[in-house]
Each structure stands twice: as structure tokens, then as C-alpha cells.
Amino acid sequence: MIDFAVHSPVAAAPRVACSIVVALSLWSARAHAEATTHGEIIGSGARAFEQLGQDLPTPNVYRTASGAPGPQYWQQKADYLINVTLNEPDRRIIAEETITYANNSPDALNYLWVQLDQNRFRNDSLARRSEVASAAGTRRDAVGEGDSISYAALRRDQGFNSRDHGFDITSVKDAGGKDLPHAIVDTMMRIDLPTPLAPGGTTEFSIGWSYNIIEEAAMGGRGGYETFDDDGADIFFLAQWFPRMAAYTDYAGWQHKAFLGRGEFTLEFGDYDVALTVPADHVVSATGVLQNANQVLTATQRKRLADAMKSDSPKFVVTPEEAAENVKTKEAKTKTWRFKAENVRDFAWSSSRRYIWDAMGFKQDDPTNPEVLVMSFYPNEAQPIWSKYSSHAVAHTMEVYSKLSFPYPYPTSQSVNTWARGGMEYPMITFNGYRPTKEENEDDRTYARRIKYGLIGVIIHEVGHNYFPMTVNSDERQWTWMDEGLNTFLEYVAEVEWEENFPAFGGKTNVLDYITEYMTSAEQVPIMTNSDSVLNLGPNAYSKPAAALTVLRESVMGRELFDFAFREYSNRWKFKRPTPADFFRTMEDASGVDLDWFWRGWFYSTDHVDIAIEDVRAYKLKTNDPEKDFPKDRVEMAAREPEPLQQIRNREEGLKTYLQRHPELADFYNENDPFTVSNADRNVYTTLMESPVEEGGLEDWEKEALAAALKADENIYFVDFANKGGLVMPIPLTIAYTDGSTEELVLPAEIWRRNAYEVTKLLLRKKTIASIAIDEAHEIGDADRQNNHYPRRIEPSRLQAYKGEDMTRNLMKDMLAELKGEAEEADGGKAPLEPKKD
């Protein structure tokens, strides 16, 4: 047998077990205690590493077990011919469209469903009626806690009641001009067909409509208008502005879940031909390629645009000075801008006389689409930051995203400043903040740090959406994270490649430092939760999936395997509609890495990462020779169990023991301590090393193993880890040695496969360990860093002293304050302190 002896504590560790028996008994007691906290330990590893196959949809001819589209995969197609007029004085849209719908499914369709997203702004909408008090403000303005109401909430309510909102459907007709029966159900409209639309068949119908455009800053939405000091030069940015076909899918049939405002859009690809009639002095940005530049642009503008396409830096098509002059005029005539877009899932546009317009070219390694026209549109109020960064950020996004997915698939990519902050994405066009505040903008043209990085970040994010979901067409109404989470991950990659120490997440560069607060909070639900039921949408659907994929790329799979698998997913589902199962399965199929434990923990649970080093025990291997082992045992026991303080003080005081006063009582045991070697001890060793196996001796291979180990003279360590957060993860270790050197060691997540809560790792090292730390690089998002070190480490920080403020109200003093405004003239500026006399 092989026995162990304690050799030395790890850098004065608080406790070192004196034998393997003690260590095991203490561990058993700790495991029993932890079981009451973590639940049943037995089987915990099996549950954590259970395969997801039973939870994911069964593979079929449409979607394979590998995560790829199946041999009979299908999706519908909807083409649009639209004519729309912007009524600027009334801030109203009047339009008509012809939709050609192709049924590529194996099902006959008795009716079609069309999305009427503007109906969300009706006072009787499901979204409006189901609002709770905490959601009464806009997406930019919180409403406060408890029983409170903000100015934003008041303004929003007034916006809803100022005039009617939602689509006014004026006609629904078939290709022959006959009325089609239809029923409006909140944000959806069912159109009943005269005969079922057979598989492989197409149908054509037209819809006429109008609606009042919302003031987006007041009511909160993804489109609307922004007004500037009532100068009549609004910015109009139109999204969800036309009746759009609902998606019909192999996994859900019609996706006609009502639009409640959060779960975004599930759409079909198609071709668009759109005519936009706007005031003649407006500049228009839209999905697609402008078809009639000769009619809507001046010769100078056309030349500038052609020159810009050849440039790798932005060039003005409409200069700041020209935009400023445009604002001073108000053209009564109109122009019609015509755009075409192929194989897109949506169409958005923006129109204003305020717009500066710059452009540049972007070249990519793609024979089918080698050049992309990058354009930015923004008012003078957005200067100087927009002309400096917007188009460059667009180009940078395409450069980075294409490396991890596929070349940018469209001819244009546009960034439009439509609001003060935030962003929204559409094919080839994105609506983006930020801009300098009015105070910053007026004189010195300065901007805050958060404005700069907020702008770059939001442009990267929204332009990135052209890949996910505008091309990889996931179901946003059901799974927000599939586009927002994947896109935020790629945004993070692009931001770090824009410049080092980019403040990507709340001022932090590392998403794994940012996400821990959310992952340890009580108000969270799994990532896989339906979009409209998610709590804290930002961290749940954006930051947490981004953190998960960062861990997957940098610490679980490695960049080579991750990047290959992610590109495979992106290209498999380019211009198709994936589900979560397709993503999960593809990432495993293409990498050869079992990731079911990862998806289960990060996406299906609310566990967090908190791995602790509970204990470290250090040993040297015994020789089993009592002549060598017992003297060391004596020294080590003396170090572990020092002389009692009482005994030391007795001696210091000159107190003589009874034995010292009666030496005749001394015997054999006073001359030989427990570590004295006896003949019996020597015989045991002789038997072990020289006797046959059947008489208790070691086998030859055991003697060889012992001799080799003794020659190597390695230190033996048992390191106890506890999974306190519940989320199984790899354990990245930094081992520091007493000679000043360090070792980086990663224990894979599979170490938890039998027990997901407690594991012990055996380490054999030539050098003596001084300390061990978990996650020194902050790569797994460990939430409690205090338990990541052994021995425990004091983390230094600083406190700022503060002075208390007397909040007592002095009414007399307050009455003497000078009055501002009109009341100052009427009352003389001060209120009297003495009572008035009649």
C-alpha cells in the first residue's frame, strides 16, 4: 500500500489535514452539510450533463439532427409593390401596396395573416390595455418605483390621447379588384381567400391604408418623427409602417402572436419596389438602391456620390452648410424617390430636410458583392461626432462581422441619426443615436465620452443586425436572444477590435465583469424565456448571451473551433429561419464538442458562476521505511501541534513537574516517544519490500512505482472545489510557486460530470505551491472573487469620506429667496415674512 505524510502547509494555509483519513472524514462531513444547501448531490453531475436531445424538437425532413436545414426545408416568400406619400403638415402616411405571396409550404392555406404593427398604438390595443404601471414611460425614461408617475409617463399618455393612432385600412382587394373578407385582431389581420392557396401556388392582393405618425420621443416606438424647436423641419423615420405578411413556418404554423412592443418581428423574405413621395427639399434614406437619382438628386450630388463610392473615407453628398440652408426653407412641391431591394425581410426609410449626407466605399472579398456603398444621414445637431465616426463604424462592422459569418450581402449599408440615443435595425438601414447634448453642441462642439462610445457601439450593433436577423432570419417574436444576443456578442468582438479598453458594457470593457450582478440577481428568468415575458430585457437577451458566447469562444471551445462552428451556423442559415435547436446542434456538430451542459446551464437556467477553493492539502510521499519516515513524522507533528502555552509558562516561572522532582518514576516511555522505531516497525517494512505478494509484500510493479515516485520527490496536493453558483464551468487556475514562477491550468467543465457541486483535484508538482487562484483573467464570469484564492487574499480598495448635509427646511429663509420668472415682476421678487394687515 502507499501511505501519505503531511509535508508542509500551502503558504501557511489555515488548516492542513494530518492524514488521509482525517481529510476524507472532513470532506464527507462537508459534503453532507452542502447537500442540504444544494439539494441532492447524488446524480447532480448527471443532471447537469444530461443531453438536450429530450428537450429539443425532434429532427425531421425540415431540420436535421446536425442543425442544418433538412432536404425538404421550405419558407414562404412575399414581394411588395408600394406607393406611399408623406403628408408632412399632418404628419401622416397615405399608402397602397400590392403583395404577391408564394406558398412554398406543403400545406393548403385557407387564409393569410398580415401584421398591423401600428395598431399597438391604439388605445384599445392589447399592448396598451395590458400595460403595468412600471411600464408607463418610454423605453428611454424610467417611471420610478412604487406609486409614482414621471413627466415622461404623463407625456406618453397625452400622446396616446392627442389623436387617433393605428392603421386605418381603407381597402383589401384581390388581383381583380374585388373586396376580400378580412378580420382585424389587434395587431394582426386575417384575409380570407376565396379558394385555398395550394402548395406551390401564388396569390396577389392589395391593401390601402393610412395612419398618423407618432412622436417617437413622447410615445416610444421604433419609428415616428422627431421635432426640433417647432421649426417645421422634422425628421421622419418610418418603420413597421406598412402591413407586412406574418410568417408561416414549419415549427409554429402562422406566427401571429400579437405585437406587444418587446418581442420584435418574424418576417418573410421578398423583393421590394417602393415609391416614396416626400417634400421636394427632403433627403431620403431607405432600404435598397435608389432607382431614379437623376430625378431626385442634383448633378453635383450625383457626382459627389460617385466619387464617395471610390473613397475609403467619408465624403459629403449634402454638406452641413447645405443642410442648414435647407432647414430655412419649406418646399411645397414633392418628389418621388424610388427604391428597389431584393431578398430582404423588411423595408424602412427616413426623410428630412435637415439631413447632412456623407458616403464612402467598402470593399470586401466577395465576387458577387465586392463593393458596398456606406452612407450616413444626420442633422447638424449631431455634429461633429457623426461625420467623424458614423460611416467608419459602419465599415468596421462589416469588416469584423464578415470574418465570423459571411460577406455583407447587400449593396448599401446606412446609418441614420433619428433620435438622441438608442438604435433600431432594418435591412440596409439603421436608426441610431447618439448626438451631443444641446449645451455641448452650441458653442465648442464638444461631446461626452459616453456619447462617443455610445454612438460607435450602437452603430456597430444595429449595422450588425443586417447579419442577425436580417440575413440569418430568426424568430424575434419568440426568441429575442437569437438575434440580440448573438449580435451583441459580435458587437463586443468588433468593439474590442475598434480600440483596446472600449467601454462596451456600462463603462466596463469585459462583459464578464459586467454580467455577474445580473446573474446573481433575483429578478431574472432563463434566456430561453419568450420575449414578451423576459424580465430585464437588456441583460437577459443581450448581455448574458454575449457573455455566454464569449466564454464559449475564449475558454470552452477556443477560437479555432468556435469560429469554424459559428461560421458554419451562419452560412447554413443564411437567408433561412433557424431555431435555437438549429444553433445548438450546429455548434456541436461542426466543432465536435459536447455543449449540452453549457446550453442547459447558461440558456435554460438562472444559475450563476461561483466556484470556490474550499481547501488545499499538501503531502509528501512516505518511503514506508520507519528509519526515514518516523523522524520526519516527529518534526511535522511538532509543527502541527506546538507545545501548549500553559506548559511553556510553567517552565518560564520555574515550576518543576512532579516527574522532575521524582526522577525515579521515569521509565521506558519517558525515554522513547511515539516516533521511536521498533523492531516490529522494521519487520513490517521488511515484509512489505522483501516478502512474496501472498505474504503481504509488494508486487514488482508496485515497488518500481514507489521507487520512481520517491526519486521524483513530487509534492502531492488535494484541492477541493465547490460550485456555489450552480453553473458548471471550466476552472481556470493560476498556480503560484514559492520560487516566484506561475502556471496556468484549466480544468475542463467535465470535471463536474459526476458531482456538480463538489470535486477534489489531485495535483502532483515538482515545485512547492504557494497559492492557487481561480479565474484571475476574469474569463468565466465568477461572481464572488473572495473565495477564488487559497490561501484567502485580502482585496485592497479605497473609501471616500463624505460630509453629511442638513436637509431641514427653513421656511422663513425659503420665503426670502428671489422669485424667478413672471411672478418676480408681480410680487417684487420676495415674499413678506410679516402677516399682512388690513
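Keep in mind that what you see is a predicted model, and the values were worked out from it rather than measured.

**What about the overall build of the protein chain?**
On a plain count of helices and strands, the protein chain comes out with 26 helices and 31 strands. The principal-axis extents of the C-alpha atoms in the protein chain amount to approximately 125 × 95 × 50 Å. For the protein chain, the residues scored as buried account for 51% of the 838 residues in total. When the accessible surface of the protein chain is split by element, carbon and sulfur atoms take 51% of a total near 39,900 Å². Computed over 91 positive and 130 negative side-chain charges, the separation of the two mean positions in the protein chain equals 3 Å.

**As for the environment of valine 525**
With respect to the helices and strands, valine 525 occurs in the loop between helix H14 (516–519) and helix H15 (537–556). Residue classification places valine 525 among the buried positions, given a relative accessible area of 18%. Expressed as a C-alpha distance, the spacing of valine 525 and leucine 535, which sit 10 residues apart in the sequence, is 6.5 Å. Apart from residues no more than four positions distant in its own chain, valine 525 is found in contact with Tyr518, Ser533, Val534, Leu535, Asn540 and Thr606.

**Brief notes about the pattern of salt bridges**
In total, this model carries 49 salt bridges according to the counting rule given. With a closest N to O distance of 3.0 Å, glutamate 497 and lysine 403 form a salt bridge. Of this pair, glutamate 497 sits in helix H12 (residues 481–498) while lysine 403 sits in helix H9 (residues 385–404); the two residues are 94 residues apart in sequence, bridging distant segments of the chain. Relative accessible area serves as the criterion here: at 41%, glutamate 497 is assigned to the partly exposed category. What emerges from the salt-bridge pattern is a single network uniting Arg128, Glu131, Arg156 and Asp157.

**Points about the confidence of the model for the protein chain**
The predicted model of the protein chain averages 91 in pLDDT, with 92% of residues at 70 or higher. Low pLDDT, under 50, characterises residues 1–36; the stretch is placed with 74 contacts to residues that sit more than four places away or in other chains.

**Regarding the sheet that holds strand S18 (residues 334–344)**
With respect to topology, 7 strands assemble into an open sheet ordered S5-S8-S3-S2-S14-S18-S16, the strand pairing being mixed. Of all the strands in the sheet, just strand S5 (168–174) and strand S16 (289–290) have a single pairing partner and so form its edges. When strand S14 (residues 270–279) meets S18, the two strands line up antiparallel, connected through 9 bridges. Considered in S18, the bridge of leucine 276 is made with tryptophan 337.

**So, the packing of H12 against helix H17 (residues 580–591)**
Relative orientation of the contacting elements H12 and H17 amounts to 40 degrees, with a least axis distance of 11 Å. By the criterion of interaxial angle, the relationship of H12 to H17 is oblique. Residues Trp481, Met482 and Leu486 of H12 pack against Pro580, Phe583 and Phe584 of H17. Counted by class, the contact of H12 with H17 contains 6 nonpolar, no polar and no charged residues.

**Some words on the nonpolar core**
If you look at the biggest cluster of nonpolar residues, it comprises 185 residues, and the most contacted ones within it are Trp209, Trp241, Trp349, Phe583, Phe598, Trp602 and Phe721. With residues up to four places along the chain from it excluded, the contact list for phenylalanine 598 reads Ala548, Val551, Leu552, Val556, Phe603 and Met729. Leu621, Leu688, Ile716 and Phe718 belong to the second largest nonpolar core, which has 7 residues in total.

**A closer look at the sheet that holds strand S20 (residues 356–363)**
The sheet built from 6 strands is open, its strands ordered S17-S20-S21-S22-S24-S23 with mixed pairing. The open sheet is flanked by strand S17 (315–318) and strand S23 (423–426), the only strands paired with a single partner. Between one strand axis and the next, the sheet turns by 20 degrees as a mean value, whatever way the strands run. In this structure, S17 lies alongside S20, joined through 3 bridges in antiparallel fashion.

**Some thoughts on the packing of aromatic side chains**
Evaluated as defined, the whole model comprises 58 aromatic pairs. Here the aromatic rings of phenylalanine 237 and phenylalanine 431 are separated by 5.7 Å at their centres, their planes lie at 80 degrees, and the arrangement is edge-to-face. Of this pair, phenylalanine 237 sits in strand S10 (residues 235–238) while phenylalanine 431 sits in strand S24 (residues 429–432), and the two are 194 residues apart along the sequence. Pair check on accessibility: phenylalanine 237 and phenylalanine 431 agree, each one buried. Here the basic side chain of arginine 128 rests over the ring of phenylalanine 160, its NZ or CZ set 3.9 Å away from the ring centre. Above the face of the phenylalanine 228 ring, arginine 354 is positioned so that its terminal group lies 4.1 Å from the ring centre.

**Section: the side chain of arginine 435**
Mapped onto the elements of the fold, arginine 435 is located in the loop between S24 and helix H10 (438–442). At a separation of 2.7 Å, a polar atom in the side chain of arginine 435 contacts the side chain of glutamate 226. Other than its neighbours up to four places away in sequence, arginine 435 contacts Glu226, Phe228, Ile235, Pro379, Glu381, Ala382, Asn417, Thr418, Trp419, Ala420 and Ile451.

**Digging into a nonpolar patch on the surface**
A surface patch of nonpolar side chains, about 390 Å² in accessible area, is lined by Ile149, Tyr151 and Leu154. Here tyrosine 151 is to be found in helix H4 (residues 151–162). Look at tyrosine 151 and you get exposed, because its relative accessible area is 75%.

**Details of the side chain of serine 150**
Summarising the element assignment, serine 150 is placed in the loop between helix H3 (126–129) and H4. Side-chain polar atoms of serine 150 contact the backbone nitrogen of alanine 153, separated by 3.0 Å.

**Some remarks on unusual backbone geometry**
A cis amide bond links glutamine 383 to the next residue, proline 384, at an omega of 5 degrees. One can find proline 384 in the loop between strand S21 (371–378) and H9. A cis amide bond links tyrosine 790 with the next residue in sequence, proline 791, at an omega value of 0 degrees. Along the polypeptide, proline 791 turns up in the loop between strand S31 (789–790) and helix H25 (811–815). Positive phi values are uncommon outside glycine, yet methionine 428 reaches one of about 70 degrees.

What counts as what
- Residues numbered from 1 in each chain as written.
- Predicted model: local features only at pLDDT ≥ 70, side-chain atom pairs only at ≥ 80, totals over all residues.
- Heavy atoms only, no water.
- Helix = DSSP H or I, 4+ residues; strand = E, 2+ residues; numbered from the N terminus.
- Buried < 20%, exposed > 50% of the residue type's maximum accessible area, 1.4 Å probe, protein only.
- Areas by Shrake-Rupley, 256 points an atom, 1.4 Å probe, with all protein chains shown as cover.
- Lys, Arg positive; Asp, Glu negative; His and termini not counted.
- Charge placed at Lys NZ, Arg CZ, Asp CG, Glu CD.
- Contact = heavy atoms within 4.5 Å.
- Salt bridge = Lys/Arg side-chain N within 4 Å of Asp/Glu carboxyl O.
- pLDDT = per-residue confidence, 0-100.
- Pairing = 2+ DSSP bridges.
- Axes fitted to C-alpha atoms, helices over the stretch in contact; angles between N-to-C directions.
- Parallel < 35°, antiparallel > 145°, perpendicular 65-115°, else oblique.
- Nonpolar A, V, L, I, M, F, W, Y, C, P; charged D, E, K, R; others polar.
- Core = buried A, V, L, I, M, F, W, Y, C linked by side-chain atoms within 4.5 Å.
- Phe/Tyr/Trp six-rings, centres within 6.5 Å; stacked < 30°, edge-to-face > 60°.
- Lys NZ or Arg CZ within 6 Å of the ring centre and 35° of its normal.
- Polar contact = N/O pair within 3.5 Å; in protein donor to acceptor, adjacent residues only side chain to side chain.
- Patch = residues over 30% accessible without salt bridge, like charges linked within 9 Å, V, L, I, M, F, W, Y side chains within 5 Å.

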